[in-house]
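Each chain is listed here by its residues.
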Amino acid sequence: YFCLTQSNENYPSEISFENINCAVNGKKLLNDVSGIARPGRILGIIGPSGAGKSTLIKSLCGQVEYSKKTSLTGRVRINGRKVEKSRIALVNQSDLFYSALTVKETLMFAANMRLNDEKSEKNKIEKKVEMILRKLGLSKIKNELVRNISGGEKKRLS
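Residues numbered from 1 in each chain as written. Predicted model: local features only at pLDDT ≥ 70, side-chain atom pairs only at ≥ 80, totals over all residues. Heavy atoms only, no water.

1. Observations regarding the side chain of T102
Okay, step 1: With respect to the helices and strands, T102 occurs in the loop between β4 (81–82) and α2 (103–115).
Okay, step 2: Apart from residues no more than four positions distant in its own chain, T102 is found in contact with K142, N143, E144, L145 and V146. (Helix = DSSP H or I, 4+ residues; strand = E, 2+ residues; numbered from the N terminus. Contact = heavy atoms within 4.5 Å.)

2. A few points about the pairing of strand β3 (residues 70–78)
Okay, step 1: For strand β1 (residues 15–24) and β3, the ladder comprises 8 bridges, and the chain directions are antiparallel. Its bridge partner being in β3, S16 is matched across the sheet by R77.
Okay, step 2: What sits between the antiparallel neighbours β3 and β4 is a turn of 2 residues, in which N79 has the positive phi angle 50°. (Pairing = 2+ DSSP bridges.)

3. Overview of the sheet that holds β3
Okay, step 1: Pairing is antiparallel in the open sheet, where 4 strands are placed in the order β2-β1-β3-β4. Edge strands, defined here as strands with exactly one partner in the open sheet, are β2 (27–37) and β4.
Okay, step 2: Taken together, the 7 bridges between β1 and β2 define a ladder with antiparallel strand orientation. Of the residues in β2, the one forming a bridge with I15 is A37.
Okay, step 3: Lying over the sheet, helix α1 (residues 53–60) contacts β1, β2 and β3, oriented at roughly 115° with respect to β1. (Axes fitted to C-alpha atoms, helices over the stretch in contact; angles between N-to-C directions.)

4. Some points on helix α3 (residues 122–135)
Since there are 3.6 residues in each turn of an α-helix, residues three or four apart along the chain are aligned in direction.
Okay, step 1: Here α3 contains 14 residues, and its C-alpha end-to-end distance of 20 Å stays within 8% of the 20 Å for a straight helix at 1.5 Å per residue.
Okay, step 2: In the stretch just after α3, G137 is the one whose phi turns positive, near 70°. (Expected span 1.5 Å × (residues − 1).)

5. Thoughts on the pattern of salt bridges
Okay, step 1: Summed over the entire model, instances satisfying the criterion amount to 5 salt bridges.
Okay, step 2: The partner of E130 in a salt bridge is K142, with the nearest N and O atoms 3.3 Å apart. Separated by 12 residues along the polypeptide, E130 in helix α3 and K142 in the loop between α3 and α4 (151–157) bring together distant segments of the chain.
Okay, step 3: For E130, a relative accessible area of 17% corresponds to the buried category.
Okay, step 4: Several salt bridges share partner residues, and in doing so they unite K104, E126, E130 and K142 into one network. (Salt bridge = Lys/Arg side-chain N within 4 Å of Asp/Glu carboxyl O. Buried < 20%, exposed > 50% of the residue type's maximum accessible area, 1.4 Å probe, protein only.)

6. Observations concerning the nonpolar core
Okay, step 1: Counting 13 residues, the largest nonpolar core has V103, V129, L133, L138 and L157 as its most contacted members.
Okay, step 2: Among the elements that line this core, the one with the most residues is α2, at 4 residues.
Okay, step 3: When neighbours within four sequence positions are excluded, L138 is seen to be in contact with V103, L133, E153, R156 and L157.
Okay, step 4: Counting 11 residues, the second-largest nonpolar core is a separate cluster that includes F17, I20, L56 and L60. (Core = buried A, V, L, I, M, F, W, Y, C linked by side-chain atoms within 4.5 Å.)

Nothing here speaks to function; it is all geometry.
Here's what the structure looks like:
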């Protein structure tokens, strides 16, 4: 995983989660799940089908769909600091890109999709995208078509 922080520093991040509970329509999907992901270490989340592996990952990444029927509780910390809004990103197993877009256009598209409810100004979004390009080491290839970049660059882009 790679954690983007609001500072200009890149540093290894430790993600800890405590007492994660998730229920939908009264059915418990996760029950007091806790763990820690340390920098430079591999964390495996294993279990049988239906055990809640994907639900746990979605919960940590803020991708659980909220409704009156959904309950999600617990604490997530990055480097010991409480996470208010998820700063943890999920890198999908397969890359989902429009190969005809440039690297920057791809990030702009994603930013506009995520920030559209905040009525963010285009200039503000563009500055944030430029910051992300720098942090991910993609500034030099921002005008390349996605289909022409390496597998490692695609993983960072995703």
